[in-house]
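Structure assessment
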Amino acid sequence: MGLLRSSSVAGVQEGDDAGKVVRAPQDHHQKELDAGALFVLKSKGSWIHCGYHLTTSIVAPALLSLPYAFALLGWAGGIICLVVAALVTFYSYNLISLVLEHHAQMGHRHLRFRDMAHDIMGPRWGKFFVGPVQFMVCYGAVVGCTLLGGECLKTIYLLSKPDGTMKLYEFVIIFGCLMLFLAQMPSFHSLRHINMVSLVLSLLYSACATGGSIYIGLSSKGPERDYSLVGDTPDRIFGIFNAIAIIATTYGNGIIPEIQATLAPPVTGKMFKGLCVCFTVVVVTFFSVAISGYWAFGNQAEGLLLSNFLVNGKALVPKWFILMTNMFTILQLSAVGVVYLQPTNEVLEKTFADPKSSEFSARNVIPRLISRSISVVAATTLAAMLPFFGDINSLIGAFGFLPLDFILPVVFYNLTFKPSRRSPIFWLNITIAVVFSTVAVIAAVAAVRQIALDAGKYRLFANV
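Here's a quick rundown of the structure. (Residues numbered from 1 in each chain as written. Predicted model: local features only at pLDDT ≥ 70, side-chain atom pairs only at ≥ 80, totals over all residues. Heavy atoms only, no water.)

**Section: the overall build of the protein**
In terms of regular secondary structure, the protein is built from 19 helices and two strands. Considering only C-alpha atoms, the protein reaches an extent of 70 × 60 × 35 Å along its principal axes. A burial count over the protein gives 55% of its 464 residues as buried. A total of about 19500 Å² of accessible surface is found on the protein, and carbon and sulfur atoms cover 68% of it. Each charge sign in the protein was given a centre, from 33 positive and 25 negative side chains, and these centres are 3 Å apart. (Helix = DSSP H or I, 4+ residues; strand = E, 2+ residues; numbered from the N terminus. Buried < 20%, exposed > 50% of the residue type's maximum accessible area, 1.4 Å probe, protein only. Areas by Shrake-Rupley, 256 points an atom, 1.4 Å probe, with all protein chains shown as cover. Lys, Arg positive; Asp, Glu negative; His and termini not counted. Charge placed at Lys NZ, Arg CZ, Asp CG, Glu CD.)

The structure is reproduced here in structure tokens:
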């Protein structure tokens, strides 16, 4: 990483004179910011705030599906994929940060992923690929968070009232009301304190998941452990790529430029510190949950680890422990959901707000309240109507998170800094782009296959 930072600094130093010339256009650019950039992507944060945003966007309850991914890969495959994904995403996120820092030094700071693609790869890439894919991934994450929040609320309800008659969609609506309130936070920067609490919550429910798994594994209540891969050869092969997609999606972010946009200038070096905070939490949570969950439940690990704590309605750990773990998860899900609403909020603000009026004037507050409320209501309706959205999200992850987080950063770096074709960095980046492009296609096929297999179970507003 030091080599990368040296090369990028060298690239900037070569253009120092140019940087002095283009300061006026930078000021001009800042004056002409649209309402989305001006109000939602305020550049006021510090590196620690950036660390909070990064941690909330990556260390989410999706990590509770990692033992299930291990069940499809086995011990060796699971650990290898988890380590490789950590190394590649940390590397890729640093690359995209370096590209953003370089452009900021040269007098043109990019605040959005689609702006980067527009300037580096061409207008069509930004408008017809990166923009739509990022919106699909982020809004899909909001729907997924709302659905999972409803499922956790239903778990708490059934623990306290086993014969209860409330349906899943009712709990999804309840969680949607919480999202409706949080969605009105005016800017990404205004979420910094919420995301600090979110970081603590992610550590708490990960510790609960790990502790619960170890407790069950050491007791006589747990299932007989079997670490063999189940199914015939085709099922195992597609299962491997499903698992890779799950792990890639768990490490996925998709909003690195928008998070870096919240940093107050100068931005140099701040994102790296934020990423170090984030990946410290990633290593602690991802590996502890994945290893302990798979150790305790083997190939019987469920898609959501907390589901293994209940067998036929019987709790394998104290009920208060399940209630507490679900509450931590629900609260953090609300923070994750509102973070992934930010690209949508930015587009809505750009469309309906007036940058020449005050951020909190009636002219801007009323459209903001209406548009964001409609956005959350739509996401809640989708979550309630499609309780099988997890299968769809796997497809979105293959088409979205893999390109945005594994492929485009290395492409952006090579196009921006133009490393020598004899350098190891150039070929490492090319290898990452080729390998993960192939994985994205195969993972998408595996996700489509899973949707086809489960299609017979799909029912709108089903009470699953």
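This is not the end of the story, as more comes after the structure.
**Some thoughts on the nonpolar core**
Across soluble globular proteins, you tend to see nonpolar side chains buried next to one another. Counting 134 residues, the largest nonpolar core has Leu64, Tyr251, Phe286, Phe309 and Phe412 as its most contacted members. With 18 residues, helix H6 (residues 66–105) is the single largest residue contributor to this core. Once you skip the residues sitting within four places of it in the chain, Tyr251 turns out to touch Ile58, Leu82, Ala85, Ala86, Thr89, Tyr93, Phe279, Val282, Phe286 and Phe287. (Core = buried A, V, L, I, M, F, W, Y, C linked by side-chain atoms within 4.5 Å. Contact = heavy atoms within 4.5 Å.)

**Structural notes on helix H7 (residues 113–120)**
Regarding H7, the residues found buried are Phe113, Arg114, Met116, Ala117 and Ile120. Down the axis of H7, the smallest arc covering the buried residues is 155°, so these residues share one side. In this structure, the buried side of H7 is in contact with H6, helix H8 (123–160), helix H12 (256–260), helix H15 (342–352) and helix H18 (401–417). In the stretch just after H7, Gly122 is the one whose phi turns positive, near 120°. (Arc of directions from axis to C-beta.)

**Topic: unusual backbone geometry**
With an omega of -5°, the peptide bond running from Pro265 to Pro266 counts as cis. Looking at where Pro266 falls in the secondary structure, it is placed in the loop between H12 and helix H13 (270–297). Even without being glycine, Lys418 reaches a positive phi, approximately 45°. Its location among the elements puts Lys418 in the loop between H18 and helix H19 (424–454).

**Describing the packing of H6 against H13**
H13 packs onto H6 with a crossing angle of 175° between their chain directions and a minimal axis gap of 11 Å. What the angle tells us is that H6 and H13 run roughly antiparallel. Looking at the contact of H6 with H13 residue by residue, the class counts come to 22 nonpolar, five polar and two charged. (Axes fitted to C-alpha atoms, helices over the stretch in contact; angles between N-to-C directions. Parallel < 35°, antiparallel > 145°, perpendicular 65-115°, else oblique. Nonpolar A, V, L, I, M, F, W, Y, C, P; charged D, E, K, R; others polar.)

**Some points on a nonpolar patch on the surface**
Together, Ile79, Val83, Leu87 and Ile291 make up an exposed nonpolar region whose accessible area comes to about 310 Å². Among the elements that make up the nonpolar patch, the one with the highest residue count is H6 (three residues). (Patch = residues over 30% accessible without salt bridge, like charges linked within 9 Å, V, L, I, M, F, W, Y side chains within 5 Å. Salt bridge = Lys/Arg side-chain N within 4 Å of Asp/Glu carboxyl O.)

**Quick look at the pattern of salt bridges**
Following the criterion strictly, the structure yields eight salt bridges and no others. For Arg112, the salt bridge identified is with Asp115, shortest N-O distance 2.9 Å. What makes Arg112 buried here is its relative accessible area of 7%. By sharing partners, the salt bridges in this structure join Asp34, Arg112, Arg114, Asp115 and Glu346 into a single network.

**So, the packing of H8 against helix H14 (residues 319–340)**
Interaxial distance between H8 and H14 falls to 9 Å at its minimum, and their mutual angle equals 160°. Between H8 and H14, the crossing angle belongs to the class labelled roughly antiparallel. In the crossing of H8 with H14, the sense of the turn from one axis to the other is left-handed. The segment H8 lies against H14, with Cys138, Ala141, Val142, Cys145, Leu148, Gly149, Cys152, Leu153, Thr155, Ile156 and Leu159 engaging Lys319, Ile322, Leu323, Asn326, Met327, Thr329, Ile330, Leu333, Val336, Gly337 and Tyr340. Here the contact of H8 with H14 is composed, by residue class, of 16 nonpolar, five polar and one charged. (Left-handed = near helix turned anticlockwise from the far one by under 90°.)

**A word on the packing of aromatic side chains**
Centre distance and the angle of the planes are the two values used to describe a pair of aromatic rings. Within the structure shown, the criterion is met by 18 aromatic pairs. In textbook terms, an aromatic cluster arises when at least three aromatic residues are bridged by ring pairs, as seen for Phe70, Trp75, Tyr227 and Tyr294. Across the ring face of Trp295, the terminal group of Arg225 is positioned such that the distance to the ring centre comes to 4.6 Å. (Phe/Tyr/Trp six-rings, centres within 6.5 Å; stacked < 30°, edge-to-face > 60°. Lys NZ or Arg CZ within 6 Å of the ring centre and 35° of its normal.)

**Digging into the environment of Ile156**
Relative to the helices and strands, Ile156 resides in helix H8. The class of Ile156 is buried, set by a relative accessible area of 17%. Separated by 82 residues in sequence, Ile156 and Gly74 place their C-alpha atoms 31 Å apart. Ignoring anything within four residues of it in the chain, the contact list for Ile156 reads Leu323, Asn326, Met327 and Ile330.

**Some points on H8**
Between its first and last C-alpha, H8 extends 55 Å over 38 residues, near the 56 Å set by a 1.5 Å rise per residue. Maximal helix bending in H8 amounts to about 30°, located at Val130; proline Pro132 follows within four positions. (Expected span 1.5 Å × (residues − 1). Bend = angle between axes of the 7 residues up to and from the residue.)

**Notes on the environment of Ile120**
By secondary structure assignment, the location of Ile120 is in helix H7. On the basis of relative accessible area, Ile120 is assigned to the buried category, the value being 16%. Sequence-wise, Ile120 and Ser292 are 172 residues apart; in three dimensions their C-alpha atoms are separated by 43 Å. Among all residues touching Ile120, those that are not within four sequence positions of it are Val99, His103, Phe412, Leu415 and Thr416.

**Considering the side chain of Ser190**
With respect to the secondary-structure elements, Ser190 resides in the loop between helix H9 (168–182) and helix H10 (192–218). When its relative accessible area of 17% is taken as the criterion, Ser190 is described as buried. Reaching out from Ser190, the side chain makes a polar contact with the backbone oxygen of Ser187 at a distance of 2.5 Å. (Polar contact = N/O pair within 3.5 Å; in protein donor to acceptor, adjacent residues only side chain to side chain.)

**Some remarks on the state of the cysteines**
Under the definition given, this model contains zero disulfides. Here Cys81 stays free of any disulfide, with the sulfur of Cys278 as its closest cysteine sulfur at 20 Å. (Disulfide = S-S within 2.5 Å.)

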